[in-house]
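Chain residues, written in single-letter form:
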Amino acid sequence: MKLKNEWPKHYKREVITHYCPGCGHGVVHRIVAELLEEMDLGKKTIGVNPAGCAVLAYKYFDFDMIEAAHGRGTALATGIKRSRPDLFVLSYQGDGDLAAIGTAETIHSASRGELFTVIFINNAVYGMTGGQMAPTTLKGQKTTTSPDGRNPKYEGYPLHITDIVATFPGVAYAERVAIKSPASIIKAKKAIKNAFQTQVDGLGYSIIEVLSACPTNWKMSPVDSMKWINDVLEKEFPLGVLTDKRKGNS
Amino acid sequence: MNKIFMSGNHAFAESAIRAGCRCYFGYPITPQNELGEYMAANIRKAGGVFIQSESEIAAINMTIGSAATGTRVMTSSSSPGISLKQEGLSFLAGFELPAVIVNVMRGGPGLGNIAPAQGDYFQATRGGGHGDYRMPVFAPGTVQEIADITFLAFDVADKYRTPVMILGDGMMGQTKEPVVFPEPIGELPVKEWALRSMGDGPSKYLASLILDPAAMERHNWKLYRKYKEIERNEVRYESYMIDDADVVVIAYGTTARIAKSAIKRVRDDGIRAGLIRPITLWPFPKQILQELARKIKQFIVFEMSTGQMLEDVQLSILGKADISFYGRPGGVVPTPLELARYIYRECQNKKELDYET
Ligand SMILES: Cc1ncc(C[n+]2csc(CCOP(=O)(O)OP(=O)(O)O)c2C)c(N)n1
Ligand code: SF4
């Protein structure tokens, strides 16, 4: 493998990251920035960043961006893409944002088959607000609002929202990937590339769910976090392509 | 000039399309459904976009996305739906994005009813969303004025980069009247601040999160200066039979129409009444009321509520004249006779009081 030591064009220089060590957000940012350059899309992109740890994504990304109210990313993206169908549109969201407060917007933008791409960071907690329970929190997982571990009797079950939208006719590409090892990062990049190409080809909605570490709120080291994704989180949220309506794949 | 017979709800939509509105997002709610239906039937013919959103929250956030690209955009609803849009209105104000929001008010609180009411005055003029912002609020009085003001609202929104609200009510939305529309607008100037993707230039971003309190304060003062400019430039009102008036009625929208009929009646009985009809509720026509209060000592505020605009009148007149209030809340539409009786009684009472003192 050839190691690259180049700065992606659509990633700002001389910024100090606010992401914690081992956090998956930064890695996914890098993938997005690389692909927008490789696919020559960055110049005609408008991105939407969420309320969540990625609220400051525009400090890193070097393409046009707007910040959404918590959960409303795909409504903004709808307004943007419908106003400017010629542009490439991206909504970047966390699991609280996309699968709790923004569930209606997620489901309905997917159901309308909106022609943009959603990058969905599933870290099984609310990162920004300090590690509260998310809709994706696992059974038994301790968070600040499920201190004894998520108990289905009181807190219900983890929500598989990508699996739900993958069943919609308007959703052309959906895949779940993880950020846990160099090989998994390469796979994640390939998945996001497929999603981007799906939008470029105007085939329908595309969404990539990324299982991503939050060492700070999981109270684990970055290394243990990668292992936890592999051994535990993936058991609830198996990786793989959930739908692929590209030519020859449907 | 073609005169068309049209309902207020349709006139909002037709005028918006003529003003260059190219995106409409809304969720059905009575008594404004005809607005969205007209958009569904007509905006695509003008090359525009119509989406019936999954909720009012989604509609206002689609509006934000569209406005960010520099597109002229409208959303509409009625009272409960406007409550759901408040977070989005605050974001529009914070981002300094232009958009036109129509509220065809109905009775409340809660689900209330679908009858005409004016109970959302506070929500509209006091910044129903969070944070230190203001928003221009227009209150047309006829279908013709709905057409004219909707057209104007897009210009005001663009000029000051602000959301603008137009307040109607169920009566105005449903009433059909002859109307002459402005000619469709031509090419609009490019909005330099809009997100159009970076191309070969630098990238832009629109953020409402400003973590540094000093920077947030600067942003707030910047907005404040803009609001002061709007207060200086955009006040609009109609005066009716004011020149010889001894008593001034203040009413907007539907109640102003009722007030005009009532004023004609009491004038037949020798009471010289006049009307000030605010066309902008924010900025409120304070100055004219202050001037009138120097010579006229009796004011009557008339609303389809328990008294909301009343507070703006009190804040304008500051105790320099008597203010009384007549209102019917909850969707009850008062008759001209009822108001005429009230004006008459108030004037008689005042005469007796003045005689005694
Ligand atoms: C209307 C509203 N409610 C609550 C919040 C507070 N809030 C900000 S981010 C967030 C959750 C973030 O979690 P997630 O979406 O999973 O993203 P992460 O931070 O983990 O990346 C919450 C509850 C808000 N900003 N707005
Ligand atoms: S709190 Fe979690 S999600 Fe947020 S930056 Fe830190 S590690 Fe990443």
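These figures come from a predicted structure and were not determined experimentally. (Residues numbered from 1 in each chain as written. Chains lettered and ligands numbered in written order. Predicted model: local features only at pLDDT ≥ 70, side-chain atom pairs only at ≥ 80, totals over all residues. Heavy atoms only, no water.)

## What to know about the side chain of Glu209(A)
Residues and elements named next belong to chain A.
- Here Glu 209 is to be found in strand β8 (residues 205-211).
- Side chain to side chain, Glu 209 and Arg 176 meet in a polar contact 3.1 Å long.
- The residues contacting Glu 209, other than those within four sequence positions of it, are Phe 120, Asn 122, Thr 162, Glu 175, Arg 176, Val 177 and Phe 237. (Helix = DSSP H or I, 4+ residues; strand = E, 2+ residues; numbered from the N terminus. Polar contact = N/O pair within 3.5 Å; in protein donor to acceptor, adjacent residues only side chain to side chain. Contact = heavy atoms within 4.5 Å.)

## Regarding the nonpolar core
- The biggest cluster of nonpolar side chains holds 118 residues, and the ones touching the most others in it are Ile66(A), Met39(B), Met74(B), Leu97(B) and Phe299(B).
- Each of domain 1 (4-188 + 205-233) and domain 2 (238-356) of chain B accounts for three or more of the residues forming this core. (Core = buried A, V, L, I, M, F, W, Y, C linked by side-chain atoms within 4.5 Å. Buried < 20%, exposed > 50% of the residue type's maximum accessible area, 1.4 Å probe, protein only. Domains from an automatic or database assignment.)

## Observations regarding the domain arrangement of chain B
Residues and elements named next belong to chain B.
- Taken domain by domain, chain B consists of domain 1 (4-188 + 205-233) and domain 2 (238-356).
- Distance between the C-alpha centres of domain 1 and domain 2: 28 Å.
- Counting from both sides, the interface comprises 32 residues of domain 1 and, opposite them, 25 residues of domain 2.
- Between domain 1 and domain 2 the total buried area reaches about 2400 Å² when both faces are included, carbon and sulfur atoms providing 54% of it.
- At the boundary of domain 1 with domain 2, the tally comes to three salt bridges.
- Among the salt bridges present, the one from Glu 177 reaches Arg 257, with a minimum N-O distance of 2.3 Å.
- Scanning the region where domain 1 abuts domain 2 turns up 16 residue pairs in polar contact (both at pLDDT 80 or more).
- For the side of domain 1 that touches domain 2, the secondary-structure elements that each account for two or more residues are α6 (121-125), β6 (137-138), α7 (143-160), β7 (163-169), α8 (170-174) and α9 (213-233).
- A per-class count over the side of domain 1 that touches domain 2 returns 18 nonpolar, seven polar and seven charged. (Buried area = accessible area lost by both parts, 1.4 Å probe. Salt bridge = Lys/Arg side-chain N within 4 Å of Asp/Glu carboxyl O. Nonpolar A, V, L, I, M, F, W, Y, C, P; charged D, E, K, R; others polar.)

## With respect to the interface of chain B and chain A
- With 35 residues of chain B at the interface, the matching set in chain A holds 33 residues.
- Note on chain B versus chain A: buried area summed over both sides is about 2700 Å², and carbon and sulfur give 62% of it.
- Taken together, chain B and chain A are joined by two salt bridges.
- For Glu54(B), the salt bridge is made with Arg112(A), and the minimal N-O distance between the two is 2.9 Å.

## Things to note about the site of ligand 2
- Every residue close to ligand 2 is listed here: Tyr19(A), Cys20(A), Cys23(A), His25(A), Cys53(A), Asn123(A), Gly127(A), Cys214(A), Pro215(A), Thr216(A) and Asn217(A).
- By residue class, the composition of the shell around ligand 2 is six nonpolar, five polar and no charged. (Near = heavy atom within 4 Å.)

## As for the site of ligand 1
- Taken together, 17 residues surround ligand 1, and among them His25(A), Cys53(A), Asp95(A), Asp97(A) and Gly127(A) come closest.
- Nearby residues around ligand 1 are contributed by chains A and B.
- Asn123(A) places a polar side-chain atom, nitrogen or oxygen, 3.0 Å from an oxygen atom of ligand 1.
- Take Gly127(A): an N or O atom from its main chain is 2.8 Å from an oxygen atom of ligand 1.

## Looking at the environment of Arg277(B)
All names here are of chain B.
- Relative to the helices and strands, Arg 277 resides in strand β12 (residues 273-278).
- Arg 277 sits 28 residues away from Val 249 along the chain, and the two C-alpha atoms are 8.3 Å apart.
- A distance of 2.7 Å separates a polar atom in the side chain of Arg 277 from a polar atom in the side chain of Glu 238.

## So, the sheet that holds β6(B)
Residue and element names in this part refer to chain B.
- Across the sheet, which stays open at both edges, the seven strands sit in the order β3-β2-β4-β5-β7-β6-β13 with mixed pairing between neighbours. Edge positions in the sheet fall to β3 (49-52) and β13 (280-282), since each of these pairs with one other strand and no more.
- Relative to β7, β6 runs parallel, the two sharing two bridges. Each bridged residue has a counterpart across the sheet, and for Phe 138 the counterpart in β7 is Ile 166. (Pairing = 2+ DSSP bridges.)

## Some details on the pattern of salt bridges
- A full pass over the atoms with the stated rule returns 33 salt bridges over all chains.
- When the shortest N-O distance is used, the salt bridge between Lys227(A) and Asp231(A) registers 2.9 Å. A residue pair is termed a helical-turn pair when its members lie 3 or 4 positions apart in one helix, as Lys227(A) and Asp231(A) do in helix α9 (residues 222-236) at four residues.
- Notably, a salt bridge pairs Arg277(B) with Glu145(B), separated by 2.7 Å at the nearest N-O pair. With a gap of 132 residues between them, Arg277(B) in strand β12 and Glu145(B) in helix α7 connect regions that are remote in the sequence. For the pair Arg277(B) and Glu145(B), a shared accessibility class is recorded, and that class is buried.
- Connected through salt bridges with shared partners, the residues Arg30(A), Glu34(A), Glu38(A) and Lys189(A) form a single ionic network.

## Quick word on the sheet that holds strand β14 (residues 298-303) of chain B
Residue and element names in this part refer to chain B.
- Strands sit in the order β10-β12-β11-β14-β15 across an open sheet of five strands; the sheet is mixed. Looking at which strands have only one partner, the edges of the open sheet turn out to be β10 (237-240) and β15 (322-327). On average, each strand axis in the sheet is tilted by 20° relative to the strand beside it, whichever way the strands run.
- Where β10 meets β12, four bridges bridge the pair, whose relative direction is antiparallel. Bridge assignment links Tyr 237 to a residue of β12, and that residue is Pro 278.
- The sheet contacts of helix α10 (residues 253-268) involve β10, β11 (247-250), β12 and β14, and relative to β12 the element is tilted by about 170°. (Axes fitted to C-alpha atoms, helices over the stretch in contact; angles between N-to-C directions.)

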